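Structure at a glance
If you want the building blocks of each chain, they are given just below.
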Amino acid sequence: MLDTDQLRSFVAIVDTGSFTRAAERVNKTQSAVSMQIRRLEDQLGSPLFAKRGRGVRLTESGERLVDYARQMLQVEAAAFASISRRALAGRVRLGIPDDYADTLLPDLVTRFSRRHPLVELSVVCEHCATLVEQIAGGDLDVAIYDGEREMELLREEPLRWVIGANSRAHEVRPLPMALSNPTCSWRRAATSALDEAGIPWRALLGSTNSSAIAPVVQAGLAVTVMPLSAMRPGLKVFEDFEGLPQLPTIRIGMIESPHARSPEARALAEEIRAVFRREAPPVQPDRVFAEITFPKIDPARRARGRAAAA
């Protein structure tokens, strides 16, 4: 029989992309997690991870196991919650900008549903201005937000110039840009930096949906801007700044409904904080894990931001 404690460590490695961070999640030492994986591999008679550069990737056997492992842990959590009568139940509404949905939602939903399997999580993907309106109107309980309004600060990271993996679009003048609507803070930062540097540019594509922007950039037709936590496969950061100005740092935070906060909403807010406390972004769809670090927010500053948002 498979040991669910070993499976929990296995899934934690998949979700966090690191044996070290997985150990923190399951409250074990890294050596203990490594030993669990070796025992699981011995039992199954097949390796689950293989080295790739500075990280690891799932083997074919690991790919087959991961969905079964998630289902087994979900059933275990649901059984415990149902019988112990200590479970949260109900519905909670989350708003998240479309830019972060691909990278943040898989990890966040996995964590939340594992801990609170009886809670229905409703997700709305919209641009930040709409999310603020829905929070104020009581249509959302919690929203992830990037901008300058008062909020609980979760992370600061610089905007980056982003191109397709094999693109030379950054060499074209006027610089072809694929950006969001004119009210987007990312767009304003990019166009202001270009204007101040005297670099001609043109709007090749404008859309509030990142799913429309990403394919155009991936195809090598345009340049865009985003933080690392919004990066998708097929894109790369243009690091050498050949002719392109440096971009400012953005603030990513959380806003909560001013109305009565349910236990489910408070639990969701805590899971969002936990996701952002991690040093690396969520696992990319190709399941190749790499160590990428972000600036940490000073705890005192985080507390001040939380108090201002309350």
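Calculation rules
Residues numbered from 1 in each chain as written. Predicted model: local features only at pLDDT ≥ 70, side-chain atom pairs only at ≥ 80, totals over all residues. Heavy atoms only, no water. Patch = residues over 30% accessible without salt bridge, like charges linked within 9 Å, V, L, I, M, F, W, Y side chains within 5 Å. Areas by Shrake-Rupley, 256 points an atom, 1.4 Å probe, with all protein chains shown as cover. Salt bridge = Lys/Arg side-chain N within 4 Å of Asp/Glu carboxyl O. Helix = DSSP H or I, 4+ residues; strand = E, 2+ residues; numbered from the N terminus. Buried < 20%, exposed > 50% of the residue type's maximum accessible area, 1.4 Å probe, protein only. pLDDT = per-residue confidence, 0-100. Contact = heavy atoms within 4.5 Å. Core = buried A, V, L, I, M, F, W, Y, C linked by side-chain atoms within 4.5 Å. Phe/Tyr/Trp six-rings, centres within 6.5 Å; stacked < 30°, edge-to-face > 60°. Disulfide = S-S within 2.5 Å. Expected span 1.5 Å × (residues − 1). Axes fitted to C-alpha atoms, helices over the stretch in contact; angles between N-to-C directions. Parallel < 35°, antiparallel > 145°, perpendicular 65-115°, else oblique. Left-handed = near helix turned anticlockwise from the far one by under 90°. Nonpolar A, V, L, I, M, F, W, Y, C, P; charged D, E, K, R; others polar.

1. Some points on a nonpolar patch on the surface
On the surface, a cluster of nonpolar side chains totalling about 210 Å² of accessible area is made up of Leu 2, Leu 44 and Met 72. Along the chain, Leu 44 falls in helix α3 (residues 30-44). By relative accessible area, Leu 44 is classed as partly exposed at 38%.

2. Brief notes about the confidence of the model for the protein chain
The predicted model of the protein chain averages 83 in pLDDT, with 86% of residues at 70 or higher. Within the protein chain, helix α10 (residues 299-309) has the poorest average pLDDT of any element, 47, and strand β8 (residues 175-179) the best, 96. Here residues 279-297 is a poorly scored stretch, pLDDT under 50, and it has 52 contacts once near neighbours within four places are set aside; other chains count. Contacts of residues 305-310 to residues separated by more than four positions or lying in other chains number 9 contacts, the stretch itself having pLDDT below 50.

3. Things to note about the nonpolar core
Within the largest apolar cluster, 53 residues are counted, with the highest numbers of intra-cluster contacts made by Tyr 100, Trp 161, Met 177, Trp 186, Leu 268 and Ile 272. When residues in this core are grouped by element, the largest group, 7 residues, is from helix α9 (residues 263-277). Sequence-distant contacts of Trp 186, that is, excluding residues within four places in its chain, are made with Asp 99, Tyr 100, Asp 146, Leu 159, Val 225, Met 226, Pro 227, Ala 230 and Ile 250. Of all hydrophobic cores here, the second largest spans 21 residues; its members include Phe 19, Leu 48, Leu 65 and Ala 69.

4. Some thoughts on the packing of aromatic side chains
In total, this model carries 3 aromatic pairs according to the counting rule given. Judged by centre distance (5.6 Å) and plane angle (50°), the rings of Phe 10 and Phe 49 are tilted. Here Phe 10 is found in helix α1 (residues 4-16), whereas its partner Phe 49 is found in strand β1 (residues 49-52), with 39 residues between them in sequence. As far as burial versus exposure is concerned, Phe 10 and Phe 49 are alike and both buried.

5. Let's talk about the state of the cysteines
By definition, a disulfide is the covalent link that joins the sulfur atoms of two cysteine residues. Per the stated rule, a full pass over the model turns up 0 disulfides. Between Cys 184, a free cysteine, and Cys 128, which holds the nearest cysteine sulfur, the sulfur-to-sulfur gap is 7.6 Å. Relative accessible area serves as the criterion here: at 18%, Cys 184 is assigned to the buried category.

6. Things to note about the pattern of salt bridges
Between side chains of opposite charge, a pair can form as their charged atoms come close. Taken as a whole, this structure holds 14 salt bridges when the rule is applied. Notably, a salt bridge pairs Arg 8 with Asp 5, separated by 3.7 Å at the nearest N-O pair. Placement of both Arg 8 and Asp 5 in helix α1 is noted, with a separation of 3 residues, approximately one turn of the helix. The exposure class of Arg 8 is partly exposed, given its relative accessible area of 28%. Where Lys 28 meets Asp 5, a salt bridge forms, and the shortest distance between an N and an O atom there is 3.2 Å. Of this pair, Lys 28 sits in the loop between α2 (19-25) and α3 while Asp 5 sits in helix α1; the two residues are 23 residues apart in sequence, bridging distant segments of the chain. According to the relative accessible area criterion, Lys 28 is partly exposed, its value standing at 30%. Members of the salt-bridge network, linked through shared partners, are Asp 5, Arg 8, Lys 28 and Glu 76.

7. Describing α9
The end-to-end C-alpha distance of α9, which contains 15 residues, comes to 21 Å, matching closely the 21 Å that a straight helix rising 1.5 Å per residue would cover. α9 sits mainly inside the fold: 11 of its 15 residues count as buried. Among the residues of α9, Glu 264, Ala 265, Ala 267, Leu 268, Ala 269, Glu 271, Ile 272, Arg 273, Ala 274, Val 275 and Phe 276 are the ones counted as buried.

8. Considering the packing of α1 against α3
Running from amino to carboxyl end, α1 crosses α3 at an angle of 110°, the nearest separation of the two axes being 9 Å. In terms of orientation, α1 lies roughly perpendicular with respect to α3. Relative to α3, α1 is oriented so that their crossing is left-handed. Along its contact with α1, which presents Asp 5, Gln 6, Leu 7, Ser 9, Phe 10 and Ile 13, the element α3 presents Val 33, Gln 36, Ile 37, Arg 39, Leu 40 and Gln 43. Partitioned by chemical class, the residues of the contact of α1 with α3 number 6 nonpolar, 4 polar and 2 charged.

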